[in-house]
Amino acid sequence: MLKGAVFMYLKSLRINGYRPFRDFTANFGQLEVLVDANGSGKSSLFEFLKFLRDGMGEDIPPEIVKGANGQQVFHKPGEDRFWWSIEVDSGYPVPVRYQGELMGSVGNKHVTFERVVSASPLGDQYERPYLFNEIT
């Protein structure tokens with residue numbers, strides 16, 4: 001391990017309403033291996049993570065995930081919306097959560113909110129988690 005280096009990892013993930021994930025929750029360790037039957041959602045999970053990665057630096061394309069060619073991204077039956085909460089262990093005492101929601105009809109999808117918040121209060125003197133950023 002490099003001296004002074006901070007290694008981050010995905011600690012937990014919750015997805016509600018994205019493709020096969022009506023209500024999906026996973027907790028992760030520092031190293032995880034995903035193995036399951038064909039059609040169980042492994043590719044959809046990686047597509048979702050790619051959507052989040054790409055969304056950091058560019059507008060949401062009409063197909064949500066580049067190359068999906070109009071593939072349905074919302075869980076059916078259900079609303080045309082999905083929600084996520086990702087917890088990242090950054091090596092500091094309190095993990096950080098990135099949360100958001102996307103909704104809308106074909107060609108008119110938009111992020112209704114995004115927030116970055118501490119997973120718990122930053123100290124005993126605080127009652128609530130710290131809100132770093134919120135966009136509505």
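Structure's up top.
Residues numbered from 1 in each chain as written. Predicted model: local features only at pLDDT ≥ 70, side-chain atom pairs only at ≥ 80, totals over all residues. Heavy atoms only, no water.

(A) Main features of the overall build of the chain. When helices and strands are counted, the chain shows 1 helix and 6 strands. Mapped in sequence order, the helices and strands of the chain form the string β-β-α-β-β-β-β. Burial analysis of the chain (136 residues in total) assigns 35% to the buried set. Within the chain, contacts between residues separated by at least 24 positions form 41% of all contacts whose residues are at least 6 apart in sequence. Surface exposure of the chain reaches about 9200 Å², of which carbon and sulfur atoms provide 52%. (Helix = DSSP H or I, 4+ residues; strand = E, 2+ residues; numbered from the N terminus. Buried < 20%, exposed > 50% of the residue type's maximum accessible area, 1.4 Å probe, protein only. Contact = heavy atoms within 4.5 Å. Areas by Shrake-Rupley, 256 points an atom, 1.4 Å probe, with all protein chains shown as cover.)

(B) Molecular detail of the pattern of salt bridges. The full count for this structure, using the stated rule, is 6 salt bridges. The partner of Glu 87 in a salt bridge is Arg 97, with the nearest N and O atoms 2.9 Å apart. You can see Glu 87 sitting in strand 3 (residues 81–89) and its partner Arg 97 sitting in strand 4 (residues 96–103), a full 10 residues away along the chain. Residue classification places Glu 87 among the buried positions, given a relative accessible area of 10%. Linked by salt bridges that have partners in common, Lys 11, Glu 87 and Arg 97 make up one network. (Salt bridge = Lys/Arg side-chain N within 4 Å of Asp/Glu carboxyl O.)

(C) Region of interest: the sheet that holds strand 1 (residues 9–16). Pairing in this open sheet of 6 strands is antiparallel, and the strands run 2-1-3-4-5-6 from one edge to the other. Two strands close off the open sheet at either side, each with one partner strand: strand 2 (24–27) and strand 6 (131–135). Mean inter-strand twist for the sheet, computed between neighbouring axes without regard to direction, equals 10°. Bridge count between strand 1 and strand 3: 7 bridges; the pairing is antiparallel. Counterpart to Leu 10 in the pairing with strand 3 is Val 88. Relative to the sheet, helix 1 (residues 42–55) contacts strand 1, strand 2, strand 3 and strand 4, its axis offset from that of strand 3 by approximately 80°. (Pairing = 2+ DSSP bridges. Axes fitted to C-alpha atoms, helices over the stretch in contact; angles between N-to-C directions.)

(D) Seen up close, the nonpolar core. Ranked by internal contacts, the top residues of the largest apolar core, which has 16 residues, are Leu 13, Ile 15, Phe 48, Phe 51, Leu 52, Phe 82 and Trp 84. Elements represented by at least two residues in this core include exactly strand 1, helix 1, strand 3 and strand 4. In terms of residue count, helix 1 provides more of this core than any other element does, 4 residues in total. (Core = buried A, V, L, I, M, F, W, Y, C linked by side-chain atoms within 4.5 Å.)

(E) Just helix 1, in detail. Compared with the 20 Å implied by 1.5 Å per residue over 14 residues, the 20 Å span of helix 1 between its first and last C-alpha is a close match. Contacts from the buried residues of helix 1 go to strand 1, strand 2, strand 3 and strand 4. (Expected span 1.5 Å × (residues − 1).)

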